[in-house]
Amino acid sequence: MEQAPARPRSAILTVDDDPDVSRAVARDLRRRYGEQHRIVRAESAEAALDALREMKLRGDLVAVILADYRMPQLNGIEFLERAMDIYPGARRALLTAYADTGAAIDAINVVDLDYYLLKPWDPPEEKLYPVVDDLLAAWLSSDHRPVPETKVIGHRWSARSSEVREFLARNQVPYRWFGSDQPEGRQLLAAAAADDRGLPVVITPDGSTLIQPSDAELAGKVGLATTPAEKFYDLIVIGGGPAGLGAALYGASEGLRTVLVERTATGGQAGQSSRIENYLGFPEGVRGDQLTSRARRQADKFGAEVLTTREVTALQVGGSARTVRFADGSTIDGHTVILATGVSYRKLGAPGLAELTGRGIYYGSALTEATSCAGQHVFIVGGANSAGQAAVYLAKNGASVTLLVRGPSLEKSMSHYLIEQVEGMQAITVRTCTEVVAAHGTDHLEQLTLRDANTSETEDVDAQYLFVFIGAAPMTDWLDGVLARDDHGFVLTGPDLLVGGQLPPGWPLDRAPYHLETSVPGVFAAGDVRAESAKRVASAVGEGAMAVMLVHRYLEQL
Ligand SMILES: Cc1cc2nc3c(=O)[nH]c(=O)nc-3n(C[C@H](O)[C@H](O)[C@H](O)COP(=O)(O)OP(=O)(O)OC[C@H]3O[C@@H](n4cnc5c(N)ncnc54)[C@H](O)[C@@H]3O)c2cc1C
């Protein structure tokens with residue numbers, strides 16, 4: 001086994017029993033990543049495991065493990081399973097021959113494989129590096145990164161501490177978490193001349209200390225744009241989920257001066273998904289944060305301006321200009337607008353829930369909390385795919401999970417493939433016909449009261465973590481009186497606006513609204529916010545792209 005000299009950098013480990021292949025992979029990795037990372041190579045699974053154990057003892061960091069599938073004694077999947085015990089946070093990829101792709105796909109469930117790569121990987125610029133770039137980005141944004149980045153010192157049960165972590169994670173800002181009751185956390189607080197009365201405290205890489213920062217302050221400090229560069233755009237996209245990112249990317253790539261305005265962090269709901277398995281082109285599935293970071297990079301590459309932490313609170317129509325107003329009262333104008341504001345989580349309305357949100361009760365934040373949940377018993381409420389994904393993800397990360405479902409089974413609400421995964425995992429128990437009717441705790445969640453829907457009997461159970469996934473609603477009240485919405489607040493577009501074949505009231509043009517056009521010409525809706533939309537990542541991205549095509553058609557007639 002050959003090893004680079006010890007340096008205080010995170011490692012990329014590669015193992016292949018064919019010495020030529022092993023050398024070639026290491027050579028390609030070294031060429032691109034050698035400056036930033038230590039490249040460690042091994043020619044057998046056993047040697048690689050020894051190397052990992054040695055690095056663990058030395059306190060080294062391992063970011064990525066690339067393993068060959070066909071190896072004697074231990075195959076790549078068995079090796080990765082053992083490697084996970086030593087470095088659970090390292091991202092994992094399998095190198096396979098075409099004939100072994102079936103095994104690689106199975107491995108996604110066994111070892112939570114991030115990628116599989118087909119041999120040969122030439123040219124590495126196209127086949128190897130984009131994958132390793134993604135793996136490194138995912139590793140950096142998880143809780144296993146090296147320390148010199150943003151540090152967050154907070155309390156485990158503080159709602160704002162948990163929001164700050166979520167905000168940084170969703171914006172792909174590498175950070176390291178320190179509990180204020182841990183020695184390292186206390187030392188950092190003392191060094192920053194802060195104390196635990198003003199948590200969370202954020203220390204940025206340049207050494208600035210932020211005490212209980214708002215999202216906007218954080219965004220500014222960690223280099224996320226929050227202020228528009230122009231006053232006027234061809235296209236203003238509101239919402240940075242898959243539909244908005246798709247629209248911004250296509251708009252900018254087709255030469256439109258495009259700005260995307262996002263309330264919190266790009267990625268939307270999809271960014272919070274632990275694994276999207278049904279998005280075209282990703283047979284092995286893709287984590288929502290990986291898909292988001294790729295989309296964001298792509299939008300940047302084409303010159304789309306992306307603003308975060310800016311909530312849009314009003315849309316005004318004056319002549320051909322469409323004016324978008326932010327929460328602070330400032331405005332920007334554009335020829336066209338694409339509304340891609342998606343939906344937001346519905347809150348569970350039982351007593352005690354609101355007070356304990358962020359203190360053991362979380363809405364859709366399974367990704368950020370996963371590390372704290374390892375070894376714990378967690379409850380998840382919901383019977384749809386998002387709840388199923390969270391259950392599988394948390395169980396794979398070492399939690400034991402009880403899935404609380406109001407209905408009599410999962411069949412109607414969850415995809416078949418997820419039901420199979422849920423049922424195949426010993427760490428998950430499904431309790432049907434069960435509702436959460438109260439939550440109890442002083443400074444954090446301690447107990448839940450559950451009710452059996454058949455017998456109405458209630459039971460108190462000890463609980464520290466509850467994740468809620470009970471559907472979502474569009475938050476479009478700010479559009480009231482501006483454009484037509486259905487009874488649930490979803491935005492009506494195209495043919496849905498015509499009543500008995502008649503154009504919508506107040507519609508000023510001779511033509512009918514285009515397919516994704518709202519009751520205001522030049523304002524389009526894409527993705528989950530649109531009435532009758534499919535509520536899927538693929539359809540949201542597709543509608544974002546299609547809306548841009550209709551924007552061009554509209555602009556041609558201005
Ligand atoms: C946990 C989870 C798992 C999922 N898994 C899958 C899956 O495996 N496969 C699949 O196909 N689908 C999945 N979905 C559904 C999928 O994520 C959504 O259909 C998709 O994200 C919709 O995209 P969107 O862009 O329309 O809206 P969203 O993703 O909801 O994004 C809307 C964005 O707009 C922003 N916004 C809202 N209002 C404003 C405002 N006033 N000003 C500025 N910004 C605003 C929000 O902050 C948000 O970022 C999942 C959803 C969840 C929650």
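Heads up: these notes are all about the structure in this document. Source: prediction; values computed, not measured.

**Points about the environment of Asp460**
Working step 1: Topologically, Asp460 is positioned in strand S24 (residues 458-462).
Working step 2: Judged by its relative accessible area of 47%, Asp460 is partly exposed.
Working step 3: Taking the C-alpha atoms as reference, Asp460 lies 9.9 Å from Val437; in sequence the two are 23 residues apart.
Working step 4: For Asp460, the contacting residues outside a window of four places in its chain are His440, Gln447, Leu448 and Thr449.
Working step 5: A polar side-chain atom of Asp460 sits 2.7 Å from a polar atom in the side chain of Thr449.

**Here's the deal with helix H11 (residues 288-301)**
Working step 1: In this model H11 runs 20 Å from its N-terminal to its C-terminal C-alpha over 14 residues, within 8% of the 20 Å that 1.5 Å per residue would give.
Working step 2: Those residues of H11 not exposed but buried are Gly288, Asp289, Gln290, Leu291, Thr292, Ser293, Ala295, Arg296 and Ala299.

**Thoughts on helix H1 (residues 19-33)**
Working step 1: Between its first and last C-alpha atoms H1 spans 20 Å; for 15 residues at 1.5 Å apiece the expected length is 21 Å, and the two agree.
Working step 2: Those residues of H1 that fall on the buried side of the exposure criterion are Val21, Ser22, Ala24, Val25, Ala26, Asp28, Leu29 and Tyr33.
Working step 3: On its buried face, H1 sits against strand S2 (11-15), strand S3 (38-42), strand S4 (62-68), strand S5 (91-96), helix H5 (124-127) and helix H6 (129-140).
Working step 4: Between the side-chain oxygen of the N-cap and the backbone nitrogen of Asp20 there are 2.9 Å, and the N-cap of H1 in question is Asp18.

**Topic: the packing of H1 against H6**
Working step 1: It is at 11 Å that the axes of H1 and H6 come closest, and there the two elements cross at 60°. The handedness of the crossing between H1 and H6 is right-handed. Facing H1, whose interface residues are Asp28, Leu29, Arg31, Arg32 and Tyr33, H6 presents Tyr129, Val132, Asp133 and Leu136.
Working step 2: In the contact of H1 with H6, the residues fall into five nonpolar, no polar and four charged.

**Here's the deal with the packing of aromatic side chains**
Working step 1: Throughout the structure, instances matching the rule amount to eight aromatic pairs.
Working step 2: Ring centres of Tyr465 and Phe467 lie 6.4 Å apart, and the angle between their planes is 5°; on these two criteria the pair is classed as stacked.
Working step 3: Note on Tyr465: relative accessible area 0%, which makes it buried.
Working step 4: Here the aromatic residues Trp157, Tyr362, Tyr465 and Phe467 are joined through ring pairs into a cluster of three or more.
Working step 5: Sitting over the face of the ring of Phe326, Arg310 holds its NZ or CZ atom 4.4 Å from the ring centroid.
Working step 6: The positively charged end of Lys347 is found above the aromatic ring belonging to Tyr363, 4.5 Å away from the centroid.

Thresholds, definitions, all that
- Along each chain, residue indices are assigned from 1 in the same order as the chain's sequence is written.
- Residues qualify for local features only when their pLDDT is at least 70, as the model is predicted, and side-chain atom pairs are given and counted only at 80 or more; totals for whole chains, interfaces and linings, by contrast, use all residues.
- The side-chain figures draw on all heavy atoms in the structure; neither hydrogens nor water molecules are used.
- The helix and strand labels rest on DSSP assignments: H or I over at least four residues marks a helix, E over at least two residues marks a strand, and numbering proceeds from the N terminus.
- Partly exposed describes any residue whose relative accessible area lies between the buried limit of under 20% and the exposed limit of over 50%, with all areas from a 1.4 Å probe on protein chains only and scaled to the type maximum.
- We call two residues in contact when some of their heavy atoms are within 4.5 Å.
- N or O atoms within 3.5 Å of each other form a polar contact, as long as, within protein, one can give a hydrogen and the other can take it, and as long as residues adjacent in sequence are counted only when both atoms are side-chain atoms.
- Expected helix span is given by 1.5 Å per residue-to-residue step, counting one fewer step than there are residues.
- In this description, a line fitted to the C-alpha atoms serves as the axis of each element, helices being fitted only across the stretch in contact, and the angle between N-to-C directions of two axes falls anywhere from 0 to 180 degrees.
- In a left-handed crossing the near helix is turned counterclockwise from the far helix by less than a right angle, and in a right-handed crossing that turn is clockwise.
- By the convention adopted, Pro, Cys, Tyr, Trp, Phe, Met, Ile, Leu, Val and Ala count as nonpolar, Lys, Arg, Asp and Glu as charged, and the other residues, Gly among them, as polar.
- Under the pairing criterion, centres of Phe, Tyr and Trp rings, with the six-membered ring standing for Trp, must be within 6.5 Å; the plane angle then separates stacked pairs below 30 degrees from edge-to-face pairs above 60, leaving the rest tilted.
- Here, a charge over a ring means that NZ of Lys or CZ of Arg falls within 6 Å of the ring centre while also lying within 35 degrees of the ring normal.

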